[in-house]
Amino acid sequence: MSVSLKPSEKNKDFFLSVYEVVRLIPKGRVTSYGAIANYIGAKNGARMVGWAMNNSHSQEKYVPAHRVVNRIGMLSGKGHFQNPTAMQEALEEEGHFIKKDQIMNFEEVFWDPSKELEL
DNA sequence: CTTCTGACTGAAA
DNA sequence: GTTTCAGCCAGAA
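Only a predicted model underlies this, so the values are computations on that prediction, with no experimental measurement involved.

Caption draft 1: Geometry of the overall build of chain A. When you go through chain A residue by residue, the secondary structure sums to six helices and four strands. Of the regular secondary structure in chain A, the N- to C-terminal order runs α-β-α-α-β-α-β-β-α-α. Going through the 119 residues of chain A one by one, you find that 38% of them count as buried. A separation threshold of at least 6 residues defines the contact pool for chain A, and within that pool the share at least 24 residues apart is 68%. In the form shown here, chain A has an accessible surface area of approximately 7800 Å², with 49% of it arising from carbon and sulfur atoms.

Below, the structure written as structure tokens:
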């Protein structure tokens, strides 16, 4: 295990918030790192969301990271899954159609927590 | 301490 | 229209 570092206590809340929002993503919907970051308050912390996803493996509870993609709907994080195809298969199983690591009709399935999920 | 990298994004060329 | 650059925060070497 190379990456065995956990988030600092200070950022722990940020990480947990990310996981919480990700779990709230309805089935058949997806969101972007920036949308989550914006909802939490770190609108410029999209990369931190990605970092949180990397730590999601350390979480006891499962985090549907496959529902989180970049702003264009590309499976940028597929390489971090158990298998490079796990993310695509998981999405297809939820009714999505992926083409070349990119979600078709992404705008239709996009789920913005700051809009769909009220404060 | 300095430097680089990254599951990103927005703007500029 | 595509491609490149810079900004952003946190962690690793």
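Caption draft 2: Quick look at helix 2 (residues 33-40). Within the span of helix 2, buried status applies to Y33, A35, I36 and A37. The positive-phi residue at the C-terminal boundary of helix 2 is G41, with phi of around 130 degrees.

Caption draft 3: A look at unusual backbone geometry. Phi angles above zero are rare outside glycine, and K100 is one such case at about 55 degrees. Examined against the element boundaries, K100 turns out to sit in the loop between strand 3 (98-99) and strand 4 (102-103).

Caption draft 4: Structural view of the packing of helix 2 against helix 3 (residues 46-55). At a closest axis distance of 8 Å, the pairing of helix 2 and helix 3 adopts a crossing angle of 105 degrees. Regarding the angle of helix 2 to helix 3, the classification is roughly perpendicular. From helix 2, Y33, G34, I36 and A37 reach across to helix 3, where they touch A46, V49, G50 and M53. Split into classes, the residues belonging to the contact of helix 2 with helix 3 amount to six nonpolar, two polar and no charged.

Caption draft 5: Quick peek at the nonpolar core. Ranked by size, the top nonpolar core spans 17 residues in total, and within it V18, Y19, V22, I36, V49, M53 and V68 carry the most contacts. Per-element tally for this core: the top contributor is helix 1 (residues 9-24), with six residues. Leaving out residues up to four positions away in the same chain, V18 has contacts with I36, I40, V49, A52 and M53. Counting nine residues, the second-largest nonpolar core is a separate cluster that includes V69, L75, I103 and F106.

Caption draft 6: Main features of the protein's contact with DNA strand B. Taken together, 18 residues surround DNA strand B, and among them R47, M53, N70, R71 and H80 come closest. Counted by atom, the contact set of DNA strand B within 4 Å of the protein is 46% sugar and phosphate. Within the contact set of DNA strand B, a phosphate oxygen lies 3.3 Å away from a backbone nitrogen or oxygen of G34. Contacts to DNA strand B include N54, whose backbone N or O atom sits 3.2 Å from a base nitrogen. Broken down by element, the residue count for the surface near DNA strand B peaks at six residues, all from helix 3. Split by residue class, the surface near DNA strand B holds six nonpolar, 10 polar and two charged.

Reading the values: rules and limits
Residues numbered from 1 in each chain as written. Chains lettered and ligands numbered in written order. Predicted model: local features only at pLDDT ≥ 70, side-chain atom pairs only at ≥ 80, totals over all residues. Heavy atoms only, no water. Helix = DSSP H or I, 4+ residues; strand = E, 2+ residues; numbered from the N terminus. Buried < 20%, exposed > 50% of the residue type's maximum accessible area, 1.4 Å probe, protein only. Contact = heavy atoms within 4.5 Å. Areas by Shrake-Rupley, 256 points an atom, 1.4 Å probe, with all protein chains shown as cover. Axes fitted to C-alpha atoms, helices over the stretch in contact; angles between N-to-C directions. Parallel < 35°, antiparallel > 145°, perpendicular 65-115°, else oblique. Nonpolar A, V, L, I, M, F, W, Y, C, P; charged D, E, K, R; others polar. Core = buried A, V, L, I, M, F, W, Y, C linked by side-chain atoms within 4.5 Å. Near = heavy atom within 4 Å. Polar contact = N/O pair within 3.5 Å; in protein donor to acceptor, adjacent residues only side chain to side chain.

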